[in-house]
Amino acid sequence: SKKLQAIPIFEKLDKEILDEMVEKMHYKKYKKNDVLCWQGEMATRFYIVVTGSCGIYVFPNETSVNAAKNKLTLKQKEEKNDELGETKKMKEKMIEEIFAEGDRLTTLSDLSFFGEACIDGEHAARTATVVVESVVCHILSLSRHDWDDFSEDLGDDVRKQVEDMGEKRKDRDNKRRASMVGAL
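Below or above, wherever it landed, is the structure these notes cover.

**A look at the sheet that holds strand E7 (residues 129-132)**
Pairing within the open sheet is antiparallel, and its four strands lie in the order E2-E7-E4-E5. Here the strands that pair on one side only, and so sit at the sheet edges, are strand E2 (35-37) and strand E5 (103-108). Strand after strand, the sheet turns through a mean of 30° between neighbouring axes, direction not considered. Sheet topology places E2 next to E7; two bridges connect them, and they run antiparallel. By the bridge assignment for E7, Val35 is matched with Val131.

**Considering the pairing of strand E4 (residues 54-58)**
A regular strand places its side chains on the two faces of the sheet in alternate fashion. Here E4 lies mainly inside the structure; five of its five residues are buried. Along E4, one buried face is formed by Cys54, Ile56 and Val58 and the opposite face, lined by Gly55 and Tyr57, is buried too. Of the strand pairs in this sheet, E4 and E5 are connected by five bridges, and their pairing is antiparallel. When the sheet's bridge partners are listed, Gly55 is paired in E5 with Thr107. Strand direction decides the pairing type here: E4 and E7, joined by four bridges, are antiparallel. Each bridged residue has a counterpart across the sheet, and for Cys54 the counterpart in E7 is Val132.

**Looking at the packing of aromatic side chains**
Aromatic ring pairs are defined here through the distance separating the ring centres and the angle between the ring planes. Here the structure, examined in full by the defined rule, presents six aromatic pairs. Aromatic side chains Trp38 and Phe99 sit 5.9 Å apart centroid to centroid with 20° between the ring planes, which places their arrangement in the stacked category. Here the residue Trp38 occupies a position in the loop between E2 and strand E3 (45-51), and Phe99 occupies one in the loop between helix H3 (88-98) and E5, the gap between them amounting to 61 residues. The pair Trp38 / Phe99 is uniform in exposure class, with both members buried. Members of the aromatic cluster, each reached through a chain of ring pairs, are Trp38, Tyr57, Phe59 and Phe99. Directly above the aromatic system of Phe113 lies the positively charged group of Arg169, at a separation of 5.2 Å from the ring centroid.

**Quick notes on the environment of Asp146**
For Asp146, the location among the structural elements is in helix H4 (residues 144-183). Accessibility expressed as a relative area gives 13% for Asp146, which makes it buried. When the C-alpha atoms of Asp146 and Phe46 are compared, they prove to be 9.7 Å apart, with 100 residues separating the residues in sequence.

**Thoughts on the nonpolar core**
Counting residues in hydrophobic clusters, the biggest one holds 25 residues, and the most contacted among them are Leu4, Phe10, Phe46, Ile48 and Leu154. Residue assignment for this core shows that the elements contributing at least two residues are helix H1 (15-24), E3, strand E8 (136-143) and H4. Ranked by residue count, the leading element in this core is H4, at five residues. Discounting residues that sit within four places of it in the chain, Phe46 has contacts with Ile9, Phe10, Phe113, Phe114, Gly115, Glu116, Cys118, Leu140, Ser141, Leu142, Trp147 and Val162. With 17 residues, the next largest nonpolar core counts Tyr47, Ile56, Val58 and Phe114 among its residues.

**Comments concerning H1**
Turning to H1, its buried residues number three or more, namely Ile17, Leu18 and Met21. Projected down its long axis, H1 carries its buried residues within an arc of 95°, all on one side. In H1, the exposed positions that point more than 90 degrees away from the buried face belong to Glu16 and Glu23.

**A few points about a negative patch on the surface**
On the surface, Asp14, Glu16, Glu20, Glu23, Glu152 and Asp153 cluster together into a negatively charged patch. Contributing elements (two or more residues each) for the negative patch: H1 and H4. Looking at the negative patch element by element, the count peaks at three residues for H1. Considering the arrangement of structural elements, one finds Asp153 in helix H4. For Asp153, a relative accessible area of 40% corresponds to the partly exposed category.

What counts, and at which threshold
- Counting restarts for each chain, with residues numbered from 1 along the sequence as it is written.
- pLDDT decides what is reported in this predicted model: residues at 70 or higher carry local features, side-chain atom pairs at 80 or more are listed and counted, and totals for whole chains, interfaces and linings draw on all residues regardless.
- With hydrogens and water set aside, each side-chain value is computed from the structure's full complement of heavy atoms.
- One requirement defines pairing of two strands: DSSP has to find at least two bridges between them.
- A run of H or I in DSSP becomes a helix once it reaches four residues, and a run of E becomes a strand once it reaches two; helices and strands are each numbered from the N terminus.
- Note on geometry: axes are C-alpha line fits, over the in-contact stretch for helices, and angles between N-to-C directions span 0 to 180 degrees.
- When accessible area is computed with a 1.4 Å probe and restricted to protein chains, residues below 20% of their type maximum are described as buried, those above 50% as exposed, and intermediate ones as partly exposed.
- Two aromatic rings from Phe, Tyr or Trp, using only the six-membered ring of Trp, form a pair when their centres are within 6.5 Å; if the ring planes differ by under 30 degrees the pair is stacked, by over 60 it is edge-to-face, and anything between is tilted.
- We call a charge positioned above a ring when the Lys NZ or Arg CZ atom is no farther than 6 Å from the ring centre and deviates by at most 35 degrees from the ring normal.
- The term nonpolar core refers to a set of buried residues drawn from Ala, Val, Leu, Ile, Met, Phe, Trp, Tyr and Cys, joined through side-chain atoms within 4.5 Å.
- Here, two residues are considered to be in contact whenever any of their heavy atoms come within 4.5 Å of each other.
- Within this analysis, the arc is defined by the directions that extend from the helix axis to the C-beta atoms.
- For patch building, the residue pool is restricted to those with more than 30% relative accessible area and no salt bridge; the joining distance is 9 Å between like charges and 5 Å between nonpolar side chains (Val, Leu, Ile, Met, Phe, Trp, Tyr).
- Note on areas: Shrake-Rupley with a 1.4 Å probe; residue coverage comes only from the protein chains shown.
- Only one rule defines a salt bridge in this text: a Lys or Arg side-chain nitrogen within 4 Å of an Asp or Glu carboxyl oxygen.
- Residues scored as charged are limited to Lys and Arg (positive) and Asp and Glu (negative), so that His and the chain ends carry no count.
- Lys charges are placed at NZ, Arg charges at CZ, Asp charges at CG and Glu charges at CD.

Take a look at the structure:
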């Protein structure tokens with residue numbers, strides 16, 4: 001919980017509340033090119049990058065998202081059947097090609113958070129796709145249900161900061177998507 005207090009939105013929270021939150025969080029280790037969530041999916045978890053980095057991508061429309069998903073699925077099947085052994089650079093180039101229709105917005109790294117759409121309500125959709133860029137990425141996540149349980153303990157200030165960040169990111173993603181559609 002000490003690491004979480006280094007995140008500005010949590011810095012003023014009591015240690016007991018953070019300890020309880022950490023108890024409810026799910027920890028998972030991801031590897032390079034793992035997709036943590038896809039644009040358009042229902043937002044059910046709030047994420048914290050403990051260590052590592054993730055790229056944030058937006059796609060112009062659902063068709064582009066589905067095309068990237070299909071290419072990635074095919075690529076993963078090929079890797080399982082690959083007897084020739086592609087080089088690491090070749091695999092990375094193919095991943096870049098998969099996300100070529102998307103627009104890379106930014107990188108989130110140690111102690112960044114994303115997934116604030118999950119607190120917008122039961123039917124909120126992800127506004128971007130998140131892909132691991134570092135060799136390894138350690139993530140903590142909290143379900144919407146658990147976030148709601150902590151909502152009162154978090155206080156108005158924390159909820160407002162997360163909601164404001166969510167609105168800024170949603171606006172940024174929508175503007176980028178609109179400019180992409182206009183360019184097509």
